[in-house]
Amino acid sequence: SHVQNTHLPNVAHSQGLFCRRILNCSCVFFLHLQLIGSGAAAQVITSQGTHGSYLTMQLGSALGAVFGIFVSRGVSGAQLNVVWSMSLWILGRQPWRKVPLYALSHLLGAFLGAATVYLQYYDAIQVFSGGHLSVAGPNATAGIFCSYPADHLSVWGGIVDQVVATALLLICCLAVEDRRQGLLPDGLAPVLVGALILTIGLSMGSNCGFPLNPARDLGPRLFTFIAGWGEEVFKAGGGWWWVPIVAPFVGGLLGTLIYELLIEVHHPHTPQSPEDRDQDHPPFSFFIVLDCRTCASGQACTRIYQIF
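Since we're looking at a predicted model, the values are computed, not measured.

Draft legend 1. Molecular detail of the overall build of the protein. The number of helices and strands found in the protein is 11 helices and two strands. In the protein, the succession of α and β elements from N to C terminus is α-α-α-α-α-α-α-α-α-α-α-β-β. In the protein, the proportion of contacts linking residues at least 24 apart, taken out of those at least 6 apart, comes to 74%. Split by element, the accessible area of the protein, about 16,000 Å² in all, is 64% carbon and sulfur.

Structure follows, in structure tokens:
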């Protein structure tokens, strides 16, 4: 009974900490990723380009991510994209049960953020659209909140676009977080992630606006569905809506595999830190065996890397 009494407070503390992390993720999505990113788009679209440009929209998305990471990294570890959470689970850095909870918190935060932007720009949206909330056409405003494909883009082209862009995002984020690539000065990582998002937006944004984040797209799409844009938000682009939800997961898995197979396993072998030893075991186990003619002691050895 003594063991049980001492164990229960620890369990309660862990559950309370995780709940705070979930609320933190929702709050950050609400305040930063959605408000700043969609707010920048609303300003450009409703002003017909007189108060901003394509570049300012990308800067808004990038800076929203930077400040979102700064605000949330001390509580939730800045898990602001469920694709990143999935990658951490695959790598054995967090239990699988956290992934759907983070996803729900992201979805809620994105929905509330879209609602706030709509209220903030309500008058501007009504004047620009003439009171008719449309998905396509010269006065379309649904693109303020979520992604839609360009006229030239097919569904399969959009899948390729999102797989490539999200794979690049994961490769670079894993590199930023990889301590064996070299320790970064405190506070530099969020800036680098923001620069990465800006880079992807400037080089891969014209096809469909580089969603990259399933919750960031689905939450606002659900809001626009009930706020007056109607079912066209799911019909537009030949049923485009599922592409920015599914394709980023494929790209995230691909990016994780590429980084682990081409970079991670080639790092010089170093003993695990206590933090690494405490991590959950990865859900899948594949091993690569590399024959090394000599090691630090001058003796032949065989090095085994556990990838997944």
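Draft legend 2. Geometry of the UniProt feature "transmembrane region" (unreviewed entry) in the protein. The feature "transmembrane region" (unreviewed entry), as given by UniProt, occupies residues 22-45, 65-89, 101-121, 155-176, 188-212 and 239-262 in the numbering adopted here. The span residues 101-121 shows a helical share of 95% and a strand share of 0%, and its end C-alpha atoms are spaced 30 Å apart. Across residues 155-176, helical content stands at 100% and strand content at 0%; the span's end C-alpha atoms are separated by 32 Å.

Draft legend 3. Inspection of helix α8 (residues 214-229) at higher detail. When the terminal C-alpha atoms of α8 are compared, their 20 Å separation across 16 residues is substantially less than the 22 Å that a helix rising 1.5 Å per residue should span. Regarding α8, the residues found buried are P214, A215, R216, D217, G219, P220, R221, F223, T224 and W229. Its side-chain oxygen 3.2 Å from the backbone nitrogen of A215, N213 forms the N-cap of α8. G230 lies just past α8 and shows a positive phi near 75 degrees.

Draft legend 4. Here's a closer look at the nonpolar core. One finds W84, L169, C173, I197, I200 and L212 to be the most contacted residues of the largest nonpolar core, which totals 25 residues. Elements with a contribution of two residues or more to this core: α2 (54-72), α3 (82-90), α6 (155-177) and α7 (188-204). Core analysis: the second largest hydrophobic core is formed by 18 residues, A42, V117, W229 and V233 among them.

Draft legend 5. Representation of the pattern of salt bridges in the model. Within the structure shown, the criterion is met by three salt bridges. Its salt-bridge partner being E264, residue R180 comes within 2.1 Å of it at the nearest N-O pair. Taken together, the residues R180 in the loop between α6 and α7 and E264 in the loop between α10 (243-262) and α11 (274-277) connect sequence positions 84 residues apart. Among the residues examined, E264 registers a relative accessible area of 13% and is labelled buried. For E231, the salt bridge identified is with K235, shortest N-O distance 2.8 Å.

Draft legend 6. The packing of α3 against helix α4 (residues 98-120), seen in detail. In the contact formed by α3 and α4, the axes pass within 9 Å of each other and the chain directions differ by 170 degrees. In terms of orientation, α3 lies roughly antiparallel with respect to α4. Counted together, V82, S85, M86 and W89 of α3 and V99, Y102, A103 and H106 of α4 form the full contact between these two elements. Here the residues of the contact of α3 with α4 sort into six nonpolar, two polar and no charged.

Draft legend 7. Here's a closer look at unusual backbone geometry. Although it is not a glycine, Q48 sits at a positive phi angle of roughly 55 degrees. By the element assignment, Q48 lies in the loop between α1 (2-46) and α2. One non-glycine residue, L212, lies in the positive phi region at around 70 degrees. One can find L212 in the loop between α7 and α8.

Draft legend 8. Local environment of the state of the cysteines. Evaluated as defined, the whole model comprises zero disulfides. No disulfide involves C172; its sulfur sits 7.1 Å from that of C173, the nearest cysteine.

Draft legend 9. View of the packing of α8 against helix α9 (residues 232-239). Orientation of α8 relative to α9, taken along the N-to-C sense of each, is 115 degrees, at an axis distance of 9 Å. One way to sum up the angle between α8 and α9 is to call them roughly perpendicular. Taken together, the residues of α9 that come into contact with α8 (itself represented by R221, L222, T224, F225 and W229) are E232, V233 and F234. Looking at the contact of α8 with α9 residue by residue, the classes come out as five nonpolar, one polar and two charged.

Cut-offs applied
- Residues numbered from 1 in each chain as written.
- Predicted model: local features only at pLDDT ≥ 70, side-chain atom pairs only at ≥ 80, totals over all residues.
- Heavy atoms only, no water.
- Helix = DSSP H or I, 4+ residues; strand = E, 2+ residues; numbered from the N terminus.
- Contact = heavy atoms within 4.5 Å.
- Areas by Shrake-Rupley, 256 points an atom, 1.4 Å probe, with all protein chains shown as cover.
- UniProt positions renumbered as here; feature names shortened; annotations may be inferred.
- Expected span 1.5 Å × (residues − 1).
- Buried < 20%, exposed > 50% of the residue type's maximum accessible area, 1.4 Å probe, protein only.
- Polar contact = N/O pair within 3.5 Å; in protein donor to acceptor, adjacent residues only side chain to side chain.
- Core = buried A, V, L, I, M, F, W, Y, C linked by side-chain atoms within 4.5 Å.
- Salt bridge = Lys/Arg side-chain N within 4 Å of Asp/Glu carboxyl O.
- Axes fitted to C-alpha atoms, helices over the stretch in contact; angles between N-to-C directions.
- Parallel < 35°, antiparallel > 145°, perpendicular 65-115°, else oblique.
- Nonpolar A, V, L, I, M, F, W, Y, C, P; charged D, E, K, R; others polar.
- Disulfide = S-S within 2.5 Å.

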